[in-house]
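# Fold and geometry: a report
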Amino acid sequence: MSGVVVTDPPKAAAEDVEALAAYGVATVSEAMGRTGLLGPGIRPVQQGVRIAGTAVTVLSWPGDNLMIHAAVEQCGEGDVLVVTTTSPSTDGMFGELFATALQRRGVRGVVTAAGIRDTQELREMGFAAWSRAVSAQGTVKATGGSVNVPVAVDGQVIRPGDVIVADDDGVMVVPREHARRVAEASEAREQKEAATRAAFVEGELGLDRYGLRDKLEQLGVTYQSYDEHAAGERP
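Let us look at the structure shown here. Note that the structure is a prediction, hence the values are computed from the model and not measured. (Residues numbered from 1 in each chain as written. Predicted model: local features only at pLDDT ≥ 70, side-chain atom pairs only at ≥ 80, totals over all residues. Heavy atoms only, no water.)

### Focus: the side chain of Thr-119
This is how the line gets drawn: The helix and strand labels rest on DSSP assignments: H or I over at least four residues marks a helix, E over at least two residues marks a strand, and numbering proceeds from the N terminus. By the convention used here, residues are in contact when the closest approach between their heavy atoms is within 4.5 Å.
Along the chain, Thr-119 turns up in helix α5 (residues 119–125). Those residues within four positions of Thr-119 in sequence are excluded, and the remaining contacts are Val-45 and Val-134.

### A few points about the pairing of strand β11 (residues 170–174)
Here is the rule we go by: The rule is simple: take the accessible area with a 1.4 Å probe, protein chains only, and divide by the maximum for that residue type; under 20% is buried, over 50% is exposed, in between is partly exposed. At least two DSSP bridges between two strands are needed for those strands to be called paired.
When you tally the buried positions in β11, you get five out of five residues, the bulk of the element. Pairing of strand β10 (residues 163–167) with β11, which is carried by five bridges, proceeds in the antiparallel orientation. From the neighbouring strand, Val-163 faces β11, where its bridge partner is Val-174. In sequence, β10 turns back onto β11 through a hairpin of two residues.

### Overview of helix α6 (residues 179–201)
Let me state the cut-off plainly: Under the convention used throughout, the expected extent of a helix is 1.5 Å for every residue step, that is, one less than its residue count.
Spanning 23 residues, α6 covers 32 Å between terminal C-alpha atoms, matching the ideal 33 Å at 1.5 Å per step. Listed in full, the buried residues belonging to α6 are Ala-179, Val-182, Ala-183, Ser-186, Thr-196 and Ala-199. Next to the buried residues of α6 lie α1 (14–20), α2 (25–31), β10, β11 and α7 (206–209). Of the residues flanking the end of α6, it is Gly-203, one or two places downstream, whose phi is positive at about 105°.

### Description of the layout of surface pockets
To be explicit about the condition: Throughout, the protein atoms alone are placed on a 1 Å grid, and a set of points is a cavity if a 1.4 Å probe fits but cannot get out or a pocket if it is open with protein on both sides within 12 Å along at least five of seven lines; lining residues have an atom within 4 Å of a point. Grid points are joined across faces, edges and corners, and a volume is the space filled by probe spheres set on the points.
The volume enclosed by the largest pocket comes to roughly 180 Å³. Around the largest pocket, the lining is made up of 13 residues, and of these Asn-65, Gly-95, Leu-97, Phe-98 and Arg-117 lie nearest the centre. Sorting the residues of the lining of the largest pocket by element identifies β4 (92–94) and α4 (96–104) as the ones contributing at least two each.

### Some details on the nonpolar core
In globular proteins that are soluble, nonpolar side chains generally tend to be buried together. Our working definition: Grouping buried Ala, Val, Leu, Ile, Met, Phe, Trp, Tyr and Cys residues that are joined through side-chain atoms within 4.5 Å yields what is termed a nonpolar core.
Ile-68, Leu-81, Phe-94, Leu-102 and Phe-127 are the most contacted members of the largest nonpolar core, which totals 23 residues. Of all the secondary structure elements, the ones that give two or more residues to this core are β2 (51–60), α3 (66–72), β3 (79–85), β4, α4 and β5 (109–116). At four residues, the largest contribution of residues to this core is made by α3. Aside from chain neighbours lying at most four places away, what touches Phe-94 is Ile-68, Leu-81, Ala-99, Leu-102, Val-110, Gly-115, Ile-116, Arg-117, Leu-122 and Phe-127. Val-82, Ala-128, Val-149 and Ile-158 belong to the second largest nonpolar core, which has 18 residues in total.

### Focus on the side chain of Thr-196
Along the chain, Thr-196 turns up in helix α6. Here Thr-196 falls in the buried class, since its relative accessible area comes to 8%. Residues in contact with Thr-196, not counting those within four places in the same chain, are Arg-209 and Tyr-210.

### Things to note about the pairing of β10
Counting buried positions along β10 yields five of five residues, so the element is predominantly enclosed. Burial along β10 is two-sided: the residues Val-163, Val-165 and Asp-167 and Ile-164 and Ala-166 are all buried. In terms of strand pairing, β2 meets β10 through four bridges, oriented antiparallel. Its bridge partner being in β10, Ala-52 is matched across the sheet by Val-165.

If you want it as structure tokens, here you go:
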């Protein structure tokens, strides 16, 4: 497998990335039309951490982390390393030593469709990580791959410089050219949800706030007392 290391790809504007960092994955995905999610298989190794950063992408051979070494050189302040493989792999391709090198360069975290290890050390050093698997299985450094090319994770295409947003709910990608618009839509959604939250605190029901009683009627859903319902089920 030959490959390429692409240098200096375009990135989303830093101010738009920081704006997106204020919102959770669920909010941003809803604001983007319920798109961008990498899927439930990519899970955090820590809790209570939310990050947003620009993607540096890696396409590696399964069980081979050579191209992660090549990618470290391409990483900088505010980036998130995104690693996938040419076919499914759960090997522990990323660990504490990589995190140490990336943390030194200002990288905010790693997202991998393969496996990671040294999870306790990653938590202790505060390096955020999301992965498909946790595995102590080691890897080799023997096969070429690519850095900063478009990759796909669970059907989502991630290009270098796109925005990665990640938290306890999972991971999503925002195309770099849409980062500002999505940040503005996320702010609008957050304000709407704040108003709804306040209404629920006061006792308003979602059935009324969202106008769902008419929907239930349209769908033929009826209300019965317990006695009426029980009587209807008798032979």
